Amino acid sequence: MPVPSLPLRLAVAEPSAVLPETGHGYEPKLDGWRCLIHVPAGAVQSRTGSSLADRFPGILKAAATLGRVVLDGEIVAYRDGRLDFATLSYGPVRRRAEGVTVVFVAFDLLGARGRDLRTLPYARRRERLEAVIGADNADVQLMRSTRDVELARGWISAEQAAVGVEGALAKPLGSRYPPRGGRAGWVKVRHFDDVDALVLGVTGSPTRPTALVLGQTDRRGRVRAVGLSTTLSRLALASLAGRLRLAPGGPVRASGVVAGLPGNEDFTYWPVEPGVVVEARADSAYELGRYRHRLTVMRAKPFTTRS
């Protein structure tokens, strides 16, 4: 069977609170751009199917030295000793000028030597990937992997998040790569921090909100929108009951950037009177003054009185 042809849908990992303990290979979850390198087609394909070859020409050239391979992995950018997600959107000239190094870190081998390898178990694909990628290729590197769950748990920490490791992934050793993409039995566990945020508005019905627009104070003391929450749980809704008051003026339109990555659709929300603070869980993906992923609201914090 020939190597898989483009376009290809990528396997996805499902969120989990804990790592499974046996029968898995574990990898760090790096803060980068998920993509596919298809050397026979001369393509670098993003998760959504768009071409990234013009943005990262050096990576495709380096991958071609490995043979006619199809690699799944992550493009990451290093600056000042840590991963810097925001600089991936820079062009090659700006990256060079600012001392940013871009690397493709491969974690799966989908095709090689004219063969489609997706039907092989993950453990065998990993062995072949390790044989393909040598230590002397600076632009295409091998994702770290272990079968030691305790070592993997060490990647889920504030210290690792500070340098751009968001958490850990677990992949069943016997799992095949899904030919149509999607679920592969992989799970991901992110590091989260508890943060306080001010409620700036609500989506859905003003009397029964579905999500919250959240804000925080910047270094200049100004309150800025930093993200949109996930759908509110019953516990969160109960803690907010009777505490939100709509601000005058009606609903407003907000940029989709508030809700995460650039390219998200704009949305409408109802501004509320200031004063309600919530406790939320946020991962380490924060840049440009906002959280890239939605925050999970745990509960409203009690009012405080000042003497």
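In this convention, every chain numbers its residues from 1, walking through the sequence in written order. Residue-level local features of this predicted model are given only where pLDDT is at least 70; pairs of side-chain atoms are given and counted only at 80 or more, and the full residue set underlies all totals for whole chains, interfaces and linings. To get the side-chain values, take all heavy atoms of the structure and skip hydrogens and water.

K.L.:
Teacher, can you tell me more about the overall build of the protein here?
P.N.:
A run of DSSP states H or I qualifies as a helix once it reaches four residues; a run of E qualifies as a strand once it reaches two. Both are numbered from the N-terminal end. Of regular secondary structure, the protein possesses six helices and 20 strands. Its C-alpha atoms give the protein principal-axis dimensions of roughly 70 × 45 × 35 Å. In the protein, buried positions account for 49% of the 307 residues. Put simply, 68% of the contacts in the protein that link residues at least 6 apart link residues at least 24 apart. Charged side chains in the protein number 44 positive and 30 negative. The centres of these two groups are separated by 4 Å. The buried label goes to any residue with under 20% of its type's maximum accessible area, the exposed label to any with over 50%, and the partly exposed label to all in between, with areas taken from a 1.4 Å probe on protein chains only. We call two residues contacting when some pair of their heavy atoms lies within 4.5 Å. Only four residue types enter the tally: Lys and Arg on the positive side, Asp and Glu on the negative side; His and the chain ends are excluded. To locate a charge, the coordinates of NZ of Lys, CZ of Arg, CG of Asp or CD of Glu are taken.

K.L.:
It is not clear to me how unusual backbone geometry should be interpreted in this structure. Could you clarify?
P.N.:
With the exception of glycine, most residues fall at negative phi, and the peptide bonds are largely trans. Cis geometry marks the peptide bond from Leu6 to Pro7, where omega comes out at -5°. Of note, Pro7 is situated in the segment before β1 (11-15). The backbone of Asp80 sits at a positive phi, close to 55°, despite the residue not being glycine. As for its position among the elements, Asp80 is in the loop between β5 (70-79) and β6 (82-83). Judged by its relative accessible area of 77%, Asp80 is exposed. With phi around 55°, Arg113 is a residue other than glycine that occupies positive phi space. In this fold, Arg113 is placed in the loop between β7 (101-112) and β8 (115-116).

K.L.:
Would you take a moment to explain the packing of aromatic side chains for this structure?
P.N.:
Pairs of aromatic rings are described using the distance from one ring centre to the other and the angle between the two planes. Planes of paired rings set the category: under 30 degrees apart is stacked, over 60 is edge-to-face and the rest tilted, where pairs are Phe, Tyr or Trp rings (Trp by its six-membered ring) whose centres lie within 6.5 Å. This structure, assessed with the given rule, holds five aromatic pairs. Geometrically, the ring pair formed by Trp33 and Phe56 is edge-to-face, given 5.8 Å between the ring centres and 85° between the ring planes. On the criterion of sequence distance, the pair formed by Trp33 in strand β3 (residues 33-38) and Phe56 in the loop between β4 (43-46) and α1 (57-64) is long-range, its members being 23 residues apart. Measuring from centroid to centroid gives 4.7 Å for Tyr286 and Tyr291, while their planes differ by 65°, and the two rings are edge-to-face. An aromatic cluster is defined as three or more aromatic residues linked by ring pairs; in this entry it consists of Phe107, Tyr177 and Trp186. The aromatic ring of Tyr90 is capped on one face by Arg94, whose charged end is 3.5 Å from the ring centroid. One Lys or Arg, Arg292, reaches over the ring of Phe85 and ends 3.4 Å from the middle of that ring. Here, a charge over a ring means that NZ of Lys or CZ of Arg falls within 6 Å of the ring centre while also lying within 35 degrees of the ring normal.

K.L.:
I would appreciate a short explanation of the sheet that holds strand β11 (residues 182-190) in the present structure.
P.N.:
Strands in a sheet are paired, the pairing made by backbone hydrogen bonds, and the direction either parallel or antiparallel. In space, the four strands of this open sheet follow the order β1-β11-β10-β2, with mixed pairing throughout. On the outer flanks of this sheet lie β1 and β2 (24-30), each paired with one strand and no other. Ignoring which end each strand starts from, the neighbouring axes of this sheet average 35° apart. When β1 meets β11, the two strands line up parallel, connected through five bridges. Paired with Ala11 across the strands is Gly182, a residue of β11. At least two DSSP bridges between two strands are required for those strands to pair. Every angle, taken between N-to-C directions, lies between 0 and 180 degrees, and every axis is a line fitted to C-alpha atoms, over only the stretch in contact when it is a helix.

K.L.:
Where do I start with the pairing of β3 in this structure?
P.N.:
Walk down a regular strand and you will see the side chains alternate between the two sheet faces. In terms of burial, β3 is a largely internal element, five of the six residues being buried. The pairing of β3 with β4 spans four bridges and is classified as antiparallel. Following the sheet pairing, His38 is matched in β4 by Ala43. Counted along the chain from β3 to the antiparallel partner β4, the turn is four residues long, and its residue Gly42 has a positive phi close to 65°.

K.L.:
Looking at this structure, I do not really get helix α3 (residues 122-132). What am I missing?
P.N.:
For an α-helix, 3.6 residues make a turn, and residues three or four places apart therefore share a direction. Within the sequence span of α3, burial applies to Tyr122, Ala123, Arg125, Arg126 and Leu129. Angular distribution of buried residues about the axis of α3 spans 160°; they occupy a single face of the element. The exposed set on the far side of α3, more than 90 degrees from its buried face, consists of Glu127 and Ala131. Packing partners of the buried residues in α3 comprise β2, β5, β7, β9 (140-142), β10 (165-172) and β11. Of all possible arcs, the one meant is that of the directions from the helix axis to the C-beta atoms.

K.L.:
Explanation requested: α1 in the structure shown.
P.N.:
When we look at burial in α1, the residues that qualify are Ile59, Leu60, Ala62 and Ala63. Considered in projection along α1, the buried side chains sweep an arc of 165° and stay on one side of the axis.

K.L.:
What is the right way to look at the pattern of salt bridges in this model?
P.N.:
Oppositely charged side chains may form a pair once their charged atoms are brought near each other. Put simply, a salt bridge is a Lys or Arg side-chain nitrogen that is within 4 Å of an Asp or Glu carboxyl oxygen. Tallying each qualifying case throughout the model produces 19 salt bridges. Put simply, Arg190 and Asp283 hold a salt bridge, and the shortest N to O gap is 3.7 Å. Separated by 93 residues along the polypeptide, Arg190 in strand β11 and Asp283 in strand β17 (residues 277-283) bring together distant segments of the chain. Each member of the pair, Arg190 as well as Asp283, is classed as buried. Ionic pairing is found between Asp218 and Arg222, a salt bridge with its closest N-O pair at 3.2 Å. Judged by relative accessible area, which is 24%, Asp218 ranks as partly exposed. Arg222 sits in the partly exposed class, given a relative accessible area of 35%. Through salt bridges that share partners, Lys29, Glu166, Arg190 and Asp283 make up one connected network.

K.L.:
I keep staring at the environment of Gly201 and nothing clicks. Help me out?
P.N.:
With respect to the secondary-structure elements, Gly201 resides in strand β12 (residues 192-204). Counting along the chain gives 46 residues from Gly201 to Ala247, while the straight-line C-alpha distance between them is 8.8 Å.

Purely geometric stuff here, so don't read any function into it on its own.
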